[in-house]
Amino acid sequence: MTTDLDFLDLDRLLSEEERLIRDTTRGFVTDKVLPEIAGWFERGHFPRELAKELGELGLLGMHLEGYGCAGTNAVSYGLAALELEAGDSGVRSMVSVQGSLSMYSIHRFGSDEQRAEWLPRLAAGELVGCFGLTEPDAGSDPASMRTTARRDGPDWVLDGTKMWITNGNVADVATVWARTDEGIRGFLVPTGTPGFTARPVGRKLSLRASDTAELVLDGVRLPGTARLPGGNGLGAALKCLNEARFGIVFGALGAARECLETALEYAGTRTQFGRPLAGFQLTQRKLADMTLELGKGMLLALHLGRLKDAGTLTPEQVSVGKLNSTREALAIARECRTILGGSGITLDYPVLRHALNLETVLTYEGTAEMHTLVVGQALTGLAAFRG
Ligand SMILES: Cc1cc2nc3c(=O)[nH]c(=O)nc-3n(C[C@H](O)[C@H](O)[C@H](O)COP(=O)(O)OP(=O)(O)OC[C@H]3O[C@@H](n4cnc5c(N)ncnc54)[C@H](O)[C@@H]3O)c2cc1C
């Protein structure tokens, strides 16, 4: 939380190191992201050049150990995600996909050779990674994927299409999940491999400062060593997603905080009927309700972060956090927009940009509906999402 909006004095729940990481990330966002973000969003520009600076700050794969990664605790990683997303969900998405999907998949499921080959340069931001699970006809139900990997002598040959892949057009390496005779397996695909093409997903109204691609794999031939040896079954892919979702639990609250700060400031200076908007009871109710939700969301995020650091965090608990943070952050962004009136619909203020971004954040890494049903299943023992 910023000091201004840290109504519940949650700052005292953080260690000195956690505060330092948060403040460093916030400084980076203030200097490098905020002055440019409206233009990037308007032009649909993905700032690839930020990768090296993010790497120099140690923010890429920051919760991983070794191979040039910072090895921070989970709470620090969450706080960094929050500060990045206070800048823009697109910037946080780049970092989440690089660290929690691409690098984590290699760190957790890769061979020693794969780790040594890819992780140091991904951590430094010299290379960019992406993660291809979703397909045009397999979103919430990734088990229905059609991408295949078949053995051909010592090689693997991959065919299929992946959709909505963050960082996909600029990536140097893609973690691709494909169906084999033995089940779903993960593969590392250098994006220069013949038969691999990436196409930008155009006409996006959300996450415009993020790169989103359709990946086509047309007879992509890889050596036997390209398979992630531990990447067996859909469960492995879902473990990676769980890491990224944890970052969203914190991250979405950063977008909400930025909106609330903006609305508070605006309401204090904009005058109608002879007094500031902040003086109207209806405005104060909105501000108070949003402050409550932001504070409750932060308490939940910090609690889940402490559970993760203690090694006991379950996927269902992450679902609770992802559902709460994204739902409340989106509600806060929309409410803040009303406080800004007409000005709220422009890029002069961050609120509608955040609201538009949060539509994606509500949907990717498991939709709000799917996380609701995960919690429902944990409560009842019945899986309502399966036919
Ligand atoms: C900008 C962006 C970036 C992304 N980045 C990546 C990435 O890097 N890598 C990657 O692999 N994927 C990525 N995704 C894909 C994302 O994870 C999927 O969009 C998401 O899983 C939902 O899939 P879908 O869009 O196919 O929607 P669908 O699965 O078709 O769902 C549509 C609606 O139906 C609901 N629904 C579906 N099934 C059920 C059910 N059983 N019960 C109740 N409701 C249900 C959903 O909740 C949703 O509301 C990204 C998406 C976006 C928009």
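The sections below set out a description of the structure shown in this document. These numbers come from a predicted model, not from an experiment. Each chain carries its own residue numbering, running from 1 in the written order of its sequence. Under the rules for a predicted model, residues below a pLDDT of 70 receive no local features and side-chain atom pairs below 80 are neither given nor counted, while totals for whole chains, interfaces and linings still include all residues. In computing side-chain values, all of the structure's heavy atoms are included and hydrogens and water are not.

With that out of the way, let us pick up the side chain of S325. Along the chain, S325 turns up in helix α9 (residues 315-339). Each residue is placed in one exposure class: buried if its accessible area under a 1.4 Å probe, protein chains only, is under 20% of its type's maximum, exposed if it is over 50%, and partly exposed if it falls in between. By relative accessible area, which is 1% here, S325 ends up buried. Side-chain polar atoms of S325 contact the backbone oxygen of V249, separated by 2.6 Å. Going along the chain from the N terminus, every DSSP run of H or I of four or more residues is numbered as a helix, and every run of E of two or more is numbered as a strand. Any N or O atom pair separated by 3.5 Å or less is treated as a polar contact, with the protein-specific requirement of one donor-capable and one acceptor-capable atom, and with residues adjacent in sequence counted only for side-chain atom pairs.

Turning our eyes to something else, we now look at the nonpolar core. Throughout, nonpolar core names a set of buried Ala, Val, Leu, Ile, Met, Phe, Trp, Tyr and Cys residues whose side chains join them through atoms within 4.5 Å. Counting 114 residues, the largest nonpolar core has L54, L158, W177 and V189 as its most contacted members. Of the residues forming this core, the biggest block, 19 residues, is contributed by helix α7 (residues 234-269).

This part covers the site of the ligand. Distances are taken per atom, and a residue is near a molecule or strand as soon as one of its heavy atoms is within 4 Å of it. In the neighbourhood of the ligand, 18 residues make up the surrounding shell, with T134, S140, W164, T166 and T367 lying closest. S140 places a polar side-chain atom, nitrogen or oxygen, 2.6 Å from an oxygen atom of the ligand. Within the side chain of T166, an N or O atom sits 2.8 Å from a nitrogen atom of the ligand. Surface burial for the ligand is 69%, taken as the share of its 970 Å² of free accessible area covered by protein chains. Those elements that provide at least two residues to the shell around the ligand are β3 (155-166), α10 (351-363) and α11 (368-380). Residue type decides the class: Asp, Glu, Lys and Arg count as charged, Ala, Val, Leu, Ile, Met, Phe, Trp, Tyr, Cys and Pro as nonpolar, and the leftover types, Gly among them, as polar. By residue class, the composition of the shell around the ligand is nine nonpolar, seven polar and two charged. A 1.4 Å probe and the Shrake-Rupley method give the accessible areas. Residues count as covered only by the protein chains that appear here.

This next bit is on the pairing of strand β1 (residues 129-132). Residues in a regular strand point their side chains to alternate faces of the sheet. Side chains G129 and F131 of β1 all project onto a buried face; the interleaved residues C130 and G132 project onto the opposite face, where all are buried too. Each pair of strands is called paired provided DSSP finds at least two bridges between the two strands. Looking at chain direction, β1 and strand β4 (residues 173-180) are connected through four bridges and run parallel. Looking at β4, one finds that G129 is bridged to V173.

Next up on the list: the layout of surface pockets. Estimated volume of the second largest pocket: approximately 200 Å³. Taken together, the elements giving at least two residues each to the lining of the second largest pocket come down to α6 (112-124), β5 (183-190) and β8 (227-232). Here the lining of the second largest pocket takes four residues from α6, the largest share from any one element. Grouping the constituent residues of the lining of the second largest pocket by class yields seven nonpolar, four polar and three charged. For cavity detection a 1 Å grid was placed over the protein atoms alone, and a set of points counts as a cavity when a 1.4 Å probe fits there but cannot get out; an open set counts as a pocket when protein lies on both sides within 12 Å along at least five of seven lines, with lining residues being those that have an atom within 4 Å of a point. Grid points are joined across faces, edges and corners, and a volume is the space filled by probe spheres set on the points.

With that settled, consider the packing of helix α5 (residues 89-109) against α7. Any two packed helices are characterised by how steeply their axes cross, that is the angle between the axes, and by the distance between the axes. Between α5 and α7, the least distance of the axes is 9 Å, while the angle of their chain directions is 145°. Our pair here, α5 against α7, has a crossing hand that is right-handed. Residues R92, S100, L101, Y104, S105, R108 and F109 of α5 form the contact with α7, whose own contacting residues are A236, K239, C240, L241, E243, A244, I248 and G251. Looking at the contact of α5 with α7 residue by residue, the classes come out as eight nonpolar, three polar and four charged. Note on geometry: axes are C-alpha line fits, over the in-contact stretch for helices, and angles between N-to-C directions span 0 to 180 degrees. Helix crossings are classified by the rotation of the near helix relative to the far one: an anticlockwise turn of less than a right angle makes the crossing left-handed, while a clockwise turn makes it right-handed. The contact definition used throughout considers only heavy atoms, calling two residues in contact when any of these lie within 4.5 Å.

A separate point is unusual backbone geometry. The residue R203 is not glycine, and still its phi comes out positive at about 60°. Examined against the element boundaries, R203 turns out to sit in the loop between β6 (196-200) and β7 (212-222). Positive phi, close to 60°, is recorded for E365, a residue that is not glycine. Structurally, E365 can be placed in the loop between α10 and α11.

Right, let's get into α11. Between its first and last C-alpha atoms α11 spans 18 Å; for 13 residues at 1.5 Å apiece the expected length is 18 Å, and the two agree. Of the residues flanking the end of α11, it is G381, one or two places downstream, whose phi is positive at about 80°. To estimate the expected span of a helix, subtract one from its residue number and multiply by 1.5 Å.

Attention now moves to a nonpolar patch on the surface. In this analysis, a patch consists of residues with relative accessible area above 30% that form no salt bridge, clustered at 9 Å for like charges and at 5 Å for the nonpolar side chains Val, Leu, Ile, Met, Phe, Trp and Tyr. Any carboxyl oxygen of Asp or Glu within 4 Å of a side-chain nitrogen of Lys or Arg constitutes a salt bridge here. Among the surface-exposed residues, F7, L8, L13 and L299 lie close enough to one another that they form a single nonpolar patch of about 420 Å² accessible area. Counting through the fold element by element, F7 comes out in the segment before α1 (16-33). Judged by relative accessible area, F7 falls into the exposed class, the value being 67%.

Here we take up the packing of aromatic side chains. Within 6.5 Å between ring centres, the rings of Phe, Tyr and Trp (the latter by its six-membered ring) count as paired, and their orientation is classed by plane angle as stacked under 30 degrees, edge-to-face over 60, tilted in between. Enumeration according to the criterion identifies six aromatic pairs in this entry. By the criterion adopted, a ring carries a charge over it if an Arg CZ or a Lys NZ lies within 6 Å of its centre and within 35 degrees of its normal. The positively charged end of K308 is found above the aromatic ring belonging to F246, 5.5 Å away from the centroid.

To continue, consider empty space enclosed by the protein. Tallied over the full model, the rule gives three cavities of 30 Å³ or more. Lining the largest cavity, in full, are F46, P47, R48, L50, A51, L54, G90, V91, M94 and A209. Among the elements of the structure, α3 (50-56) and α5 are those that each provide at least two residues to the lining of the largest cavity. Grouping the amino acids of the lining of the largest cavity by side-chain chemistry returns eight nonpolar, one polar and one charged.

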